[in-house]
Protein chains: 4
Amino acid sequence: MHRYSEPLQIDEVNLPKPKGEEVIIKVGAAGVCHSDIHFMHGEWQKTLPVKLPLTVGHETAGYVEEVGESVKGLAKGDVVAVFGGWGCGVCINCKGGDEQLCMHARWPGLSQFDGGYAEYMHIPSYRFLIRANGMDPKMLAPLTDAGLTPYRAVKKIRRMLNPGSYTLLFGVGGLGCYAIQYLKLMSPTNVIAVVRNEGKARLAREMGADHVINSKTEDVISAIRKITENRGVDVSLDIVASRDTLDVGFASLGKKGTLVLVGLMGETLNVPIMQSVINEHKVIGSLWGNYNELAEVIALARKQKLKTPINQFNLMEVNKATETLANGKIDGRAILVP
Amino acid sequence: MHRYSEPLQIDEVNLPKPKGEEVIIKVGAAGVCHSDIHFMHGEWQKTLPVKLPLTVGHETAGYVEEVGESVKGLAKGDVVAVFGGWGCGVCINCKGGDEQLCMHARWPGLSQFDGGYAEYMHIPSYRFLIRANGMDPKMLAPLTDAGLTPYRAVKKIRRMLNPGSYTLLFGVGGLGCYAIQYLKLMSPTNVIAVVRNEGKARLAREMGADHVINSKTEDVISAIRKITENRGVDVSLDIVASRDTLDVGFASLGKKGTLVLVGLMGETLNVPIMQSVINEHKVIGSLWGNYNELAEVIALARKQKLKTPINQFNLMEVNKATETLANGKIDGRAILVP
Amino acid sequence: MHRYSEPLQIDEVNLPKPKGEEVIIKVGAAGVCHSDIHFMHGEWQKTLPVKLPLTVGHETAGYVEEVGESVKGLAKGDVVAVFGGWGCGVCINCKGGDEQLCMHARWPGLSQFDGGYAEYMHIPSYRFLIRANGMDPKMLAPLTDAGLTPYRAVKKIRRMLNPGSYTLLFGVGGLGCYAIQYLKLMSPTNVIAVVRNEGKARLAREMGADHVINSKTEDVISAIRKITENRGVDVSLDIVASRDTLDVGFASLGKKGTLVLVGLMGETLNVPIMQSVINEHKVIGSLWGNYNELAEVIALARKQKLKTPINQFNLMEVNKATETLANGKIDGRAILVP
Amino acid sequence: MHRYSEPLQIDEVNLPKPKGEEVIIKVGAAGVCHSDIHFMHGEWQKTLPVKLPLTVGHETAGYVEEVGESVKGLAKGDVVAVFGGWGCGVCINCKGGDEQLCMHARWPGLSQFDGGYAEYMHIPSYRFLIRANGMDPKMLAPLTDAGLTPYRAVKKIRRMLNPGSYTLLFGVGGLGCYAIQYLKLMSPTNVIAVVRNEGKARLAREMGADHVINSKTEDVISAIRKITENRGVDVSLDIVASRDTLDVGFASLGKKGTLVLVGLMGETLNVPIMQSVINEHKVIGSLWGNYNELAEVIALARKQKLKTPINQFNLMEVNKATETLANGKIDGRAILVP
C-alpha cells in the first residue's frame, strides 16, 4: 500500500533476521477484512494515522520460519495463529489481559507494523503467537479477527443468555456466521437473525438461527414483537451498526435489555434517556478480542468443528479480492494465500 | 391532585381498614421530588398514565398505625420506611429482587395508588415496609428515593472504582449529595463534581468531593484532562442528564469508561459508534433501587451518619414546597411534615 | 408419615378452602427424592425438626383446583409446577431472589407444611406456582428439584466453562442426568463423568458426556490427568459428595479450579490449605434453586426437549417406590401418580 | 542462603550487565516475610524446590541503576517497586493478568532467581517494575507483598461488603494491618478483628477495626454472635489459617458466608458438607496479587496515606531480623536496608 485509495502493489522487501523474542513466519493465509477496505481508502487517517508504504493485513496464520534467541516454545514449522492486538505489555489494559485495548496499541497492517498480505511476516514477540499444530492456516487465519471479534462480544453478554431469552443479530457475514454459532454453542438463547435477502436467510438458518427476519419483506419490529410475545429481546448484537439496525435494535430491547456495538457502519447511536433509565438498558462497545479469547476460539474450532465459509484468492490477486469484498460479493470470509 | 398543572388540593378522605397483608401508616414525612413536578405537570402522561384525583408522593416514612391480619413482624408505632417500587411479586424482575423494575409496576403517588402527601397512607403489603425503629422519619423519608437512587447507581459501578480511578459527577442536589458520600464511603475513587455556582461547589466539597469544577468559570473538559493527566474518567455518573452534561460526560470517558444515566432532563444521548467500540465504552441506565438496597442505605444512615440536608415544609404548604423546588431554590431535599 | 423409619400410611384428610393468595392443586405427579428417604429415616431431625404426622413430598406438579380471592393469573385447570423453596418473602435472601435460602424457610414435605405425596396439595401463595400449560405434570414434577438443583449449580460455574475447559461430574442419577445436559446446552465445556458401572456409563454418554471414567475398572485420577493433559479440571461438580468423590474431585482440580458441593452423602471435605492458596481453589455449596431458575429450567424443557428418564409408581405404591430408590434400583427419577 | 536452616551469609557477587528488557536496581529496602522463614527452614522444599546458594527476598523496592537496550519508560534513578510474581508471560494466567498464578512461576528469592536481600538486584524484565517516583522505597517495599496480598483478598470479596455486613479478620500483623485499612477504605463493612493480646487489640483499633475480640479472654464465637445479633459474619478473612482460626471462622459464617484463605499456618480446613450446602458457604484461596493490583495499592498509598508500621534493620543484621520475626517480636513489617 503506497497511497490511499490506490491498488495495492506487490514489492520485494528484505526479510530481517529475528532477534530476541522476534519471530519470522511464513504466511499460510491472510484474511481480507472490511476494516482493511476502510483503512485503504483513508477513512481512518485520523484514528489510525500511518506513514506509507505499508503492508496491509491483520488476520494472519502461517508457519514459524525463524526465531530469535529468547523465543520459547516454538520451533520452525510450527503452525501459528497471529494474535493481532499487539500491546505494550505494561499498561493497565495489557497487564489486565486486554492487549487489544492497549494504551499504545500497534496493530500489524493498521499501524506502522507490516501486516499479513505478504509471503513472510515479522512478529515482534512470540507472545503474540498461538501454536496450533494440526490445524490448517486457511481455517485459522479468519479466526484471528472474524472469528475472535464476535466471540468476545458473545462472552460479554453470555450471563444474560438464559433459557427463554432472545438474542437479536444484525449482520450475517464474515463475523455474523461465527456469532450465531457461538450463541448456540455457549448458551440456550433463541437467536433471531435479521437479513436482507434469501441467501443470507438460508445461511443464518444453516449456522443455527432459530428465527430469521427478512427486513426487505417484513416489518422487523412487529416480527420481533410476535416472536418474543411482546417481551422484547434481551440482547441486540449489532455487527453492522448502521443507523437503521441501531434504531431497530434499540427499539426492540425488553426490560434490562442490552445493545452490543461491534460494527462500525454508522456514526451515532441515539439513546433515548427516559426509556433507558426506566428499563435499565445498557449499551456496550466490544473491540476485537484478547489473546486468551483467541485461544478459546481455536479450542472451539479444534473440537466443535466451527463452520467457516471461505473464499480463497491467490496473494497476487489481492486487488481483485478487496474489490469483490467492497462490492459485497463475498459469502463468508475472503482469504489470500501466497 | 385533581388536574395536571394546577395547585394540589387538601381533601378529607376515608381511611380504609387494612385487610390481609395491608398496613396503614401515619405519615411522618414525605419527600418532594423533581419527579413529582414532572408528573404533576402532565409531562409523563404517556409513560405513567393515571386517572385523577390522586395523592402524590413516593418518598415516605412514618409510623405503623394499623395492620391487617396476615401482617408479620410489625406493630403499631413501629417506625417504617416505605419502599416505593411496588411490584407484582411474581414477574421475572420481582422474583429476581428488582421490584422497582416490575413488569406491572404500581408506584404510589405515580400510578393509581395514593402516595405520601397525606396524613395517612395505605400500603398494600407489609412486604413494602422496612422497620427502622430509633430513626427519625424526617431523615428516613428522603432515603427512600433521593438516597436510594444514587446508591443503586454507585453499586452498579462499584467494581470499577479502584484506587487511582476517577468518577465524574453531574448534579449536586438532593441525589448528588448522597452520591458523593456513597462514592467516598464505598470506594477509594477520586470524585470530580461539576457544579454551576459557588454554593454548590462548597456543598460538594463538604460532602467529600476531591475535585470541584465550576462549569460557569472553567472549561470542564480541559479541567478533567488536567486532573486525570489526560487519562479521562472511569465513570461519569450523570444525575442531571441534560444534553450538555451528557456530551461532556461522554467526551471525558477514558478507555473502558462507563456513563451511568440517572437523571431525566435530556431527551437523547448521542453515542459515537467508532469511539465507543475502540474504547469499549458502556452506557447504563439505573432506575431507583430495590428493597435490599434501601435496607443497605438505611443501615448506612444508621451507622455512618450520612449527611442529609433537609428543607422542612408543613403538609399544608405543599404548593409552596413544590414551587420552591421547581424554581431551583431548594438546597438538599424538601420534605412535607403533616 | 406418622413415625420416623416406618412405612408411610395413606390417610383421608380434609381439604381446606383456599383464602387470600392460597391455591389448592390436584397433584399430577410427585417426585421421590433421596432427601425424602434421609428425612423419613429421621436423619435430619436436628436440621429440619418437625411434628408428625406429615405428608412427605417436595417435588410436585399438577392442576389448579381452586384459588383464593387474591390469586392472580391462575385459573382452574391450569398446569402448574410447585416451586418448593417457600420463603417468608421479606428477609434479605427472599428479597434478593433466593427464597430457597430464606432465613425462615418452610419447605413443603420437609417442614410443618404438607407435601405432594397426596391427591391434593395446599399452596400458601400463588407466588410459589409456575404456570406451564401444555406440559405433562409427570415431566414437570422432577424438574422442580432433580432438574432445578443441578441447574443452579451449573449456573454458578457457567462463566468458567469456556472452550477447552473440563468439568468433572460425580453422580449420574436423577440429578446428574440433568447436570450433563445443562453443561452441554449452556457451554462448550468437556464433560468427564465418573460412574461405577457400565449401565451408568451408557447413560452418561447418552446424556452427552464427552468422557466417561468407570471408577471400578480405572484409576480415576490418572484417567483425568491423561484426558486433561495434566492440566486438571476447571470444575468438579459433585452430586454425590461422599468422602471418596470429594477427595478425588479436589485432587483433580487444576489452577483456579472450583469444587461445587451439591450432594450430601459425606460429612466433611478436607481442604488442604497450601494447595488451595497456591492454586486459588474454590469450594462452593449450591442449594436447590430459586423461582426464576425453575422458570428457566421449564423454558429449557419446553424448547430443548430435556431428556428425563422416569419410573412411574401409583401413589398407593409409595412405600414400594421409596424402598426401590433406597436400594439404588431406580434409573432416572421415580414419581408417584395419584 | 547456602544451606537450609543455617544463618544467611553475606557474599560478594558479580553484577551482570543488563541486556534486552533486563534492569539492575539498587535495593532501597527489602521486606522480611514469614514466607522467607518457612522457605529458609526448608519447609517448602517440595512445593518450591531450589538449588542453593540463593539470595532470599521477594519484597523489594529501590532505584533503577542500569537498563537493557529494550527497556522502555525507565531511567537511572527512578524509584521502582518490584512486582515479584514473575510469570512466563504466555500461559493462560499470565495472559489473563494473574502472573503470580503463572503455570511456570519463577518468584525471586523463592525460586532459582536471586531476591532482594542484597545491595543490587537483577530484574529479568522492566515489565515487573512499577515506577513510583516521589515515594520512599522503605514504605514501598512492604507494599509488594504484605500490602498486596490482603489487597487481592479484599478485592475478591468486595462485592459482599455492603452496609450492615460483618467481616471477621484473623491476624493483625504485617498483612492484617493493611487488611483492616483496605476493608475500611474500600467498603462500609463492619470489621471484627480477633487478636491474642492487648497490644494487637490496640493496633487493630488504630487501623480502624470496629470491634476487637481478644481470644485469650473472650469466647470468640459467642462474642461474634452478640455483635452480629446471631446473623453470623458475611466474610471470614483468615490471614493466619491455623486449625483454630479456621474452625472458629467457619462456624461464624452466616448464610451465604465466605471464608477466604490467605494464611498458611494450618494444614487442612474441615468443611462440613450439610452446613455448606444448606447455607451456600464458599471457601476461596487467595494468592499474593497481580501487577495491576500492586499499582492500585501504590496509588492508594500515594493518596490515602496508608499506615505502614515498619521495623528497620541494616542488611548486615539480616539474621537478627529473621530471628526476631520468627520469635513473633515484630510489630508491623521488618525491612532490611542496605
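As the structure is a prediction and not an experimental result, all values here were calculated from the model. (Residues numbered from 1 in each chain as written. Chains lettered and ligands numbered in written order. Predicted model: local features only at pLDDT ≥ 70, side-chain atom pairs only at ≥ 80, totals over all residues. Heavy atoms only, no water.)

Draft legend 1. Up close: the interface of chain B and chain A. Chain B puts 40 residues into the contact, and the matching count from chain A is 40 residues. Carbon and sulfur atoms make up 69% of the area that chain B and chain A hide from each other, which totals about 3200 Å². Linking chain B with chain A are 6 salt bridges. Residue B:Glu280 is joined to A:Arg152 by a salt bridge in which the shortest nitrogen-to-oxygen separation is 2.7 Å. (Contact = heavy atoms within 4.5 Å. Buried area = accessible area lost by both parts, 1.4 Å probe. Salt bridge = Lys/Arg side-chain N within 4 Å of Asp/Glu carboxyl O.)

Draft legend 2. Quick look at the sheet that holds strand 12 (residues 282–285) of chain D. Sheet architecture is open: 12 strands sit in the order 8(C)-7(C)-6(C)-9(C)-10(C)-12(C)-12(D)-10(D)-9(D)-6(D)-7(D)-8(D), paired in mixed fashion. Edge strands, defined here as strands with exactly one partner in the open sheet, are strand 8 (211–214) of chain C together with strand 8 (211–214) of chain D. In this sheet, adjacent strand axes meet at a mean angle of 20 degrees when their direction is disregarded. Sheet analysis places strand 12 (residues 282–285) of chain C next to strand 12 of chain D, joined by 3 bridges and oriented antiparallel. Note that in strand 12 of chain D the partner of C:Val283 across the bridge is D:Val283. On the sheet, helix 4 (residues 174–186) of chain C packs against strand 6 (166–170), strand 7 (190–195) and strand 9 (233–238) of chain C and is oriented at approximately 170 degrees with respect to strand 6 of chain C. Contacting strand 6, strand 7, strand 8 and strand 9 of chain C, helix 6 (residues 220–227) of chain C crosses the sheet at an angle of about 160 degrees to strand 8 of chain C. (Pairing = 2+ DSSP bridges. Helix = DSSP H or I, 4+ residues; strand = E, 2+ residues; numbered from the N terminus. Axes fitted to C-alpha atoms, helices over the stretch in contact; angles between N-to-C directions.)

Draft legend 3. Geometry of the packing of aromatic side chains. Under the criterion given, the structure shown has 24 aromatic pairs over all chains. For the ring pair B:Trp86 and B:Phe113, a centre distance of 5.7 Å and an interplane angle of 85 degrees mean the geometry is edge-to-face. Of this pair, B:Trp86 sits in the loop between strand 3 (79–82) and helix 2 (92–95) while B:Phe113 sits in the loop between helix 2 and strand 4 (120–123), and the two are 27 residues apart along the sequence. Through a chain of ring-to-ring contacts, the aromatic side chains of A:Trp86, A:Phe113 and A:Phe128 assemble into a single cluster. In this structure, A:Lys95 is placed above the aromatic ring of D:Tyr291, and the distance from its NZ or CZ to the ring centre is 4.2 Å. (Phe/Tyr/Trp six-rings, centres within 6.5 Å; stacked < 30°, edge-to-face > 60°. Lys NZ or Arg CZ within 6 Å of the ring centre and 35° of its normal.)

Draft legend 4. Expanded view of the confidence of the model for chain A. Mean pLDDT over chain A stands at 94; residues scoring 70 or higher make up 100%. Taken together, the chains of this predicted complex give a pTM of 0.96 and an interface ipTM of 0.95. (pLDDT = per-residue confidence, 0-100.)

Draft legend 5. Inspection of the relation of the copies chain B and chain A at higher detail. In screw terms, the move from chain B to chain A is a rotation of 180 degrees and a rise of 0.0 Å along the axis, fitting with an RMSD of 0.0 Å. One copy is carried onto the other by what is essentially a two-fold rotation axis. A shared binding surface is used by both copies, with 100% of the interface residues of chain B retained as interface residues in chain A. (Least-squares fit on C-alpha atoms with pLDDT ≥ 70 in both.)

Draft legend 6. Expanded view of the pattern of salt bridges. The final tally for this structure, using the stated rule, is 64 salt bridges over all chains. For A:Glu65, the salt bridge goes to A:Lys76, with nearest N and O atoms at 3.5 Å. Placement of the pair is A:Glu65 in strand 2 (residues 60–67) and A:Lys76 in the loop between strand 2 and strand 3 (79–82), with a sequence separation of 11 residues. Salt-bridge contacts for C:Glu66 lead to C:Lys17; the nearest nitrogen and oxygen are separated by 2.4 Å. In this pair, C:Glu66 is assigned in strand 2 (residues 60–67) and C:Lys17 in the segment before strand 1 (23–32), connecting sequence segments 49 residues apart.

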